[in-house]
Amino acid sequence: GQQLNQSPQSMFIQEGEDVSMNCTSSSIFNTWLWYKQDPGEGPVLLIALYKAGELTSNGRLTAQFGITRKDSFLNISASIPSDVGIYFCAGLIQGAQKLVFGQGTRLTINP
Amino acid sequence: EPEVTQTPSHQVTQMGQEVILRCVPISNHLYFYWYRQILGQKVEFLVSFYNNEISEKSEIFDDQFSVERPDGSNFTLKIRSTKLEDSAMYFCASSEDFPGGSGANVLTFGAGSRLTVL
């Protein structure tokens, strides 16, 4: 089945630093999504990407849909304490209804 | 902002017992889903539901699982005879249209129901 490899698994950074994480796959996806999950909560959508090469920003967050449609990255600039959480990439294959999730990147910020 | 609500937030049950998890999707959404997340692992797809029938399901969604939309607002997941390995967070989600392609088709997730099987 389709799998998404997300890296890094965890990050420990200082407040104010920029963050970068990515997802890769051997499968082609038609939609890439980035979610954030806080403890005890469900995933909350951050950014949705629908076209290969698309670069989309949401405040301090920027994500790109890779040209090959097999990868995506998420950048967070000037991190703040509330950015702490687990970030998941998720992909959708053409014609399918199920989201395939990456393993998550746990972000910890030292004030 | 419209949200997906789930009950209970936490349920503890004995192995072999039946469990029903409930969800109220966003009111104008037509597609409904259940996902699960075993502690510390990634979120996994279980089933999607449209027009009162299952439209897609994963290998995890075996005969012990069933879904139902008993009325116009609720969407339930039933596990007939729970096993220890069913312990997980179960997330309900809904979307306005078929997933992918535009913003209206993005899934909105509920806060989850934590199931603990002893």
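To start, this report covers the structure provided alongside it. This one's a predicted model, so the numbers in the text were calculated from it and none came from an experiment.

## Considerations on the pattern of salt bridges
All names here are of chain A. Enumeration over the complete set of coordinates arrives at 3 salt bridges over all chains. Here Asp83 makes a salt bridge to Arg60, at a shortest N to O gap of 2.9 Å. On the criterion of sequence distance, the pair formed by Asp83 in the loop between strand E8 (71-76) and strand E9 (85-92) and Arg60 in the loop between strand E6 (55-58) and strand E7 (61-65) is long-range, its members being 23 residues apart. Overall, the relative accessible area of 28% leaves Arg60 in the partly exposed class.

## Some points on the sheet that holds strand E3 (residues 19-24) of chain B
Residues and elements named next belong to chain B. Ordered by their spatial adjacency, 4 strands build an open sheet running E1-E3-E8-E7, and the pairing between neighbours is antiparallel. Two strands close off the open sheet at either side, each with one partner strand: strand E1 (5-7) and strand E7 (65-68). Between one strand and the next, the sheet's axes are offset by a mean angle of 20°, whatever the strand orientation.

## Focus on the interface of chain B and chain A
Accessible area lost on assembly of the parts is the figure often given for the size of an interface. Residue-level contacts link 24 residues of chain B with 21 residues of chain A. Between chain B and chain A, a total of about 1,800 Å² is buried, with carbon and sulfur atoms accounting for 60% of that surface. Our count for the contact surface shared by chain B and chain A stands at 0 salt bridges. Broken down by class, the residue content of the side of chain B that touches chain A amounts to 13 nonpolar, 9 polar and 2 charged.

## Quick word on the nonpolar core
Note that soluble globular proteins tend to have their nonpolar side chains buried in a common cluster. Core analysis: the largest hydrophobic core is formed by 22 residues, its most contacted members being Trp32, Trp34, Leu74 and Leu107 of chain A. Broken down by secondary-structure element, the contributors of at least two residues to this core are strand E2 (10-14), strand E3 (19-24), strand E4 (31-37), strand E5 (44-49), E7, E8, E9 and strand E11 (105-110) of chain A. Sequence-distant contacts of Trp32 of chain A, defined by excluding residues within four places in its chain, comprise Leu4, Cys23, Ile47, Ala48, Leu49, Phe65, Arg69, Lys70, Asp71, Ser72, Cys89 and Ala90 of chain A. Within the second largest apolar cluster, 21 residues are counted, among which are Leu46, Phe65, Ala88 and Leu115 of chain B.

## Focus: the environment of Asn22 of chain A
In this structure, Asn22 of chain A sits in strand E3. Each C-alpha atom of the pair Asn22 of chain A and Glu41 of chain A lies 22 Å from the other, and the pair is 19 residues apart in sequence.

## Re empty space enclosed by the protein
Under the criterion given, the structure shown has 1 cavity of 30 Å³ or more. The computed volume of the largest cavity comes to approximately 40 Å³. Looking at the lining of the largest cavity residue by residue, the classes come out as 7 nonpolar, 3 polar and no charged.

## Section: the state of the cysteines
Applying the stated criterion to the full structure yields 2 disulfides over all chains. Through a disulfide, Cys23 of chain A is tied to Cys89 of chain A; the S-S separation comes to 1.7 Å. Judged by the sign of its S-S torsion, about -80°, the bond between Cys23 of chain A and Cys89 of chain A is left-handed. Placement of Cys23 of chain A in strand E3 and of Cys89 of chain A in strand E9 is noted, with a sequence separation of 66 residues between them. Classification of Cys89 of chain A by relative accessible area gives buried; the value is 0%. A sulfur-sulfur distance of 2.0 Å marks the disulfide that ties Cys23 of chain B to Cys92 of chain B. On the sign convention where negative is left-handed, the bridge of Cys23 of chain B and Cys92 of chain B, at about -65° about the S-S bond, is left-handed.

About the cut-offs
- Residues numbered from 1 in each chain as written.
- Chains lettered and ligands numbered in written order.
- Predicted model: local features only at pLDDT ≥ 70, side-chain atom pairs only at ≥ 80, totals over all residues.
- Heavy atoms only, no water.
- Salt bridge = Lys/Arg side-chain N within 4 Å of Asp/Glu carboxyl O.
- Helix = DSSP H or I, 4+ residues; strand = E, 2+ residues; numbered from the N terminus.
- Buried < 20%, exposed > 50% of the residue type's maximum accessible area, 1.4 Å probe, protein only.
- Pairing = 2+ DSSP bridges.
- Axes fitted to C-alpha atoms, helices over the stretch in contact; angles between N-to-C directions.
- Contact = heavy atoms within 4.5 Å.
- Buried area = accessible area lost by both parts, 1.4 Å probe.
- Nonpolar A, V, L, I, M, F, W, Y, C, P; charged D, E, K, R; others polar.
- Core = buried A, V, L, I, M, F, W, Y, C linked by side-chain atoms within 4.5 Å.
- 1 Å grid on protein atoms, 1.4 Å probe; cavity = no way out; pocket = protein on both sides within 12 Å on 5 of 7 lines; lining within 4 Å.
- Points joined across faces, edges and corners; volume = space filled by probe spheres on them.
- Disulfide = S-S within 2.5 Å.

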